[in-house]
Amino acid sequence: MNETALPNYLQEGTSLGSWLLTRDHKRIALLYMFAITFFFVIGGIAATFFRLELVTPKGDLVEAATYNRLFSLHGIVMVWLFLIPSIPAVFGNFLVPLMIGAKDLAFPRLNLLSWYLFMAGGTIIIGSAVLGSVDTGWTFYTPYSSLYSNSHVVAAVTGVFIVGFSSILTGLNFIVTIHKMRAPGMRWGRLPLFIWSQYATSIINVLATPVLAMTLALIALENLTDLGIFNPWKGGDPLLFQHLFWFYSHPAVYIMILPAMGVVSEVITCFARKRVFGYNFIAGSSLAIAFIGFMVWGHHMFVSGQSPYAGLVFSFLSMLVAVPSAIKVFNWTTTLYQGSILLSAPMLYVIGFIGLFTIGGLTGIFVATLAIDVHVHDTYFVVAHFHYIMVGGAVMAYFGALHFWWPKMFGRMYPESWARLAAIMIFVGFNLTFFPQFVLGYQGMPRRYHSYAPEFQVWNVLSSAGASILAVGYLLPFIYMAWSWKYAPRSGPNPWPATGLEWQVPSPPSKDNFSGIPHIEDEVYAYDQLFGKSDEPHSAPS
Amino acid sequence: MPMINSLEKATNPTAPLHEHQFVALEQQKAAATAGMWVFLTSEIMFFGAIFSAFLIYGYLYPEVFAHFSQKLHLLLGSLNTGILLTSSWTMVMAVHGAQQQNRRLLLRSLVFTFLLGAVFLGIKGYEWSAEIRSGDFPGSGQVNPRQGEIFLRLYFIMTGFHGLHVLIGLLLITGLWIDTARKTNIPSSQLHFTENLGLYWHFVDIVWIFLFPMLYLMDKPRLPW
Ligand code: HEM
Ligand SMILES: [Cu+2]
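Residues numbered from 1 in each chain as written. Chains lettered and ligands numbered in written order. Predicted model: local features only at pLDDT ≥ 70, side-chain atom pairs only at ≥ 80, totals over all residues. Heavy atoms only, no water.

Describing the overall build of chain A
- The helix and strand inventory of chain A stands at 15 helices and zero strands.
- Based on the C-alpha atoms only, the size of chain A along its principal axes is roughly 70 × 50 × 45 Å.
- Relative to all contacts within chain A whose residues are 6 or more apart in sequence, the contacts with residues 24 or more apart total 83%.
- Counting only carbon and sulfur atoms, one obtains 71% of the accessible surface of chain A, whose full area is about 19700 Å². (Helix = DSSP H or I, 4+ residues; strand = E, 2+ residues; numbered from the N terminus. Contact = heavy atoms within 4.5 Å. Areas by Shrake-Rupley, 256 points an atom, 1.4 Å probe, with all protein chains shown as cover.)

And the structure:
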């Protein structure tokens, strides 16, 4: 515990310029954190309005047109300005160099540029919202977004286009850093699983996002110049848009969930006080998900008029992609087996993740089944499915990561009992919000309408009630985290304690992370060495 | 990136040879090269999206696409293909010059590459304006049959994005030329930059190698099987 004399990265200048022009990956991570927290609030406010609207069957709070704009804003902001950047841009930025023993990412200037691109795109998107937003949903389906567009589609897609470049560049930075900047002894087989998940995510970012960029460019041109390539009157095909869009956007759902899975792997071994079970399988399944994820986009188009044979193949491949996800869940649960489990806040979030992700994944199998999807497509069933994964999974993991690495980032503990309360409220609120939507969807309530048949009201009221619990659950961390920033007790370098390189440097770390070049002699998850117990009798001292 | 770097070094001769996040110059070079390859992979997907769109529509409307393909200026297109290929050769010479610490060769090859690239853009621009004048322009109301509009629009977008890449290449070449002209030797950061610029330029060339037969030569475009 040599608290070296080096100033930590937060003390390296406090002027605005020292933040806005920083090239330190840790400061850039914090810049992202502030930005996406802001966007999360905006997306949440939009959701508050339409959950209020849905308390009664009649459309009485907002008009249909306003409602469309609200859910579009909500989706666009949550997907592109919160979920996609969330764990990679904040925790990936902060942790990738620390975890592999490097001073910074390979291209620090590019990293700062990525943040500026992100902010520019985000500003344009929010600007388009102020002007009156779009009414296409986050999916920008043609012809809503082209022939019949009556909203600010061009501005919105331009914003998303620019944000896309920011994720491509971040992905590029991570790939090169992980390949070229590992400290001596940090072999691939010793990389933390969080790094593996970031690596898989970055591959998707680099390969899929450019397709989205081209697609959005075409949409913008279609609006600006009456391009016609998605317009049937000119011989164009609107389905081509769906193919191109989902070719990106299905892999994009893995951009959201893979980093979350990385967080789960780190936290669960730490709080089970055990070596992770099946390291190779967890690492390999990240790559498998990234790979298979590119071949299943057609499952969003079962009822769009694609050929039934294509539907059959896409259905089969979609079930295949559930296999590596299941492998991870099994490995995590086995890691818990006979561990000495500590239910601190990060662990509560992560256990919540496993439960909710499992429900989300299993209902993914439902909707990947052709016959069932014909019934539930475009109903609240699908809404519930993806919220279980994106909110129950990715957002839970984001909050788990926030609590787990908070002491590292700021050198202070968060207040544990408040944090546990928030975690439990989020879990309960979440289930109350979204479980009723499975029922609603199964009963046939379509998504994206501002009024509905009266017999659906009970479930909708439950859902809105849950949403208010959820909102309070999300609000709590804002308050106590802000408090802990100044007033909480100092945490020391390794409060949990955890293995892993990032825990061996002071909290907060110094600007260059390490005082020398670290040498790695052991695997990352040597928790049995840390706590002197092993339940794998044959585990050779590695 | 290298420009700022070399400025630093010009004013401060004791500045370290590599940027602070690396442990050695070799690592910095390896990172720069890897970064370029990853970037180009991303670019392949970018062009891949619109190439697929073109192939799909070519498959749907083979006669229309054949008809409009024939209306393009084959001679100028072929000439441009030759010009770009030659420019790839001069770019190879530029990289060679940088590797041999041969400033004169580097500077001269950059000039040739720049000129060839500029002539390419000039010819392409002339083709565009001729097509626009003759009414083979989407939205002119004279395109018949109307699926021809799809061919033309994809043609303009594809050559437009490609031309944009050439233009960016020209800007980078200019920057590198100025940087080299101001110095008496070629520091390693600049060598890496030259090599990466070479990779980029060849990539832009290869994109054209795909574009040219697809747009100008495909009598009846089909999917490759
Ligand atoms: C476990 C494997 C998964 C399978 C088999 C699966 C399957 C499906 C299917 C078939 C649909 C289309 C349903 C329809 O529109 O009728 C769908 C929708 C969706 N899924 Fe999944 N999914 C899986 C995992 C995920 C993950 C990990 C995420 C996000 C992190 C996700 C997010 C979404 C979203 C956002 C939609 C709806 C898109 C929209 O129409 O707005 N899914 N899923
Ligand atoms: Cu999907």
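Quick word on the coordination of the copper ion (ligand 2)
Residues and elements named next belong to chain A.
- Every protein donor of the copper ion (ligand 2) is accounted for by His-250 (ND1), His-299 (NE2) and His-300 (NE2), and the metal-donor separations fall at 1.9 to 2.0 Å.
- Mapping the donors of the copper ion (ligand 2) onto the primary sequence yields the spacing H-x48-H-H.
- A gap of 4.4 Å separates the copper ion (ligand 2) and the iron atom of ligand 1. Within this pair, whereas His-250 is found in helix 7 (residues 238-272), its partner His-299 is found in the loop between helix 8 (279-292) and helix 9 (308-336), the two being separated by 49 residues in sequence. Each member of the pair His-250 and His-299 is classed as buried. (Donors = N, O, S within 2.8 Å, 3.2 Å for Na, K, Ca; no water. Buried < 20%, exposed > 50% of the residue type's maximum accessible area, 1.4 Å probe, protein only.)

Brief notes about the coordination of the iron atom of ligand 1
- Of all protein atoms, just one serves as a donor to the iron atom of ligand 1, and that atom is His-385 of chain A (NE2), at 2.2 Å.
- Here His-385 of chain A is to be found in helix 12 (residues 380-410).

With respect to helix 2 (residues 25-53) of chain A
- With 29 residues, helix 2 of chain A extends 42 Å between its outermost C-alpha atoms, agreeing within 8% with the 42 Å of an ideal straight helix rising 1.5 Å per residue.
- Its side-chain oxygen placed 2.9 Å from the backbone nitrogen of Lys-26 of chain A, Asp-24 of chain A serves as the N-cap of helix 2 of chain A. (Expected span 1.5 Å × (residues − 1). Polar contact = N/O pair within 3.5 Å; in protein donor to acceptor, adjacent residues only side chain to side chain.)

Comments concerning the nonpolar core
- Judged by nonpolar contacts, the single largest core of 248 residues is most densely connected at Trp-80, Phe-91, Phe-140 and Phe-353 of chain A.
- If sequence neighbours within four positions are ignored, Phe-91 of chain A has contacts with Ser-86, Val-96, Phe-194, Tyr-398, Ala-401, Leu-402, Trp-405 and Met-409 of chain A. (Core = buried A, V, L, I, M, F, W, Y, C linked by side-chain atoms within 4.5 Å.)

Observations concerning empty space enclosed by the protein
Residues and elements named next belong to chain A.
- Enumeration according to the criterion identifies three cavities of 30 Å³ or more in this entry.
- Approximately 100 Å³ is the volume attributed to the largest cavity.
- Lining the largest cavity we find Tyr-32, Trp-80, Ile-84, Pro-85, Pro-88, Ala-89, Phe-118, Val-163, Ser-166, Ser-167, Thr-170 and Asn-205.
- Of all elements in the fold, only helix 3 (64-100) and helix 5 (153-180) reach the threshold of two or more residues within the lining of the largest cavity.
- Among the elements that line the lining of the largest cavity, the one with the most residues is helix 3, at five residues. (1 Å grid on protein atoms, 1.4 Å probe; cavity = no way out; pocket = protein on both sides within 12 Å on 5 of 7 lines; lining within 4 Å. Points joined across faces, edges and corners; volume = space filled by probe spheres on them.)

Topic: the packing of helix 8 of chain A against helix 9 of chain A
All names here are of chain A.
- Viewed as axis vectors pointing N to C, helix 8 and helix 9 meet at an angle of 160 degrees, and their least axial separation amounts to 9 Å. As the angle between them shows, helix 8 and helix 9 are arranged roughly antiparallel. Along this stretch, helix 8 crosses helix 9, giving a crossing that reads as left-handed. Across the interface between the two elements, Phe-281, Ile-282, Ser-285, Ser-286, Ala-288, Ile-289 and Ile-292 from helix 8 touch Leu-317, Leu-320, Val-321, Pro-324, Ser-325, Ile-327, Lys-328, Asn-331 and Trp-332 from helix 9.
- Its residues placed into classes, the contact of helix 8 with helix 9 shows 11 nonpolar, four polar and one charged. (Axes fitted to C-alpha atoms, helices over the stretch in contact; angles between N-to-C directions. Parallel < 35°, antiparallel > 145°, perpendicular 65-115°, else oblique. Left-handed = near helix turned anticlockwise from the far one by under 90°. Nonpolar A, V, L, I, M, F, W, Y, C, P; charged D, E, K, R; others polar.)

With respect to the site of ligand 1
Residue and element names in this part refer to chain A.
- In the neighbourhood of ligand 1, 20 residues make up the surrounding shell, with Val-253, Asp-373, His-377, His-385 and Arg-447 lying closest.
- Within the side chain of Asp-373, one N or O atom sits 2.5 Å away from an oxygen atom of ligand 1.
- At 2.9 Å, a side-chain N or O of His-385 approaches a nitrogen atom of ligand 1.
- Only helix 7, helix 10 (345-368) and helix 12 provide two or more residues apiece to the shell around ligand 1.
- No other element matches helix 12, which puts five residues into the shell around ligand 1. (Near = heavy atom within 4 Å.)

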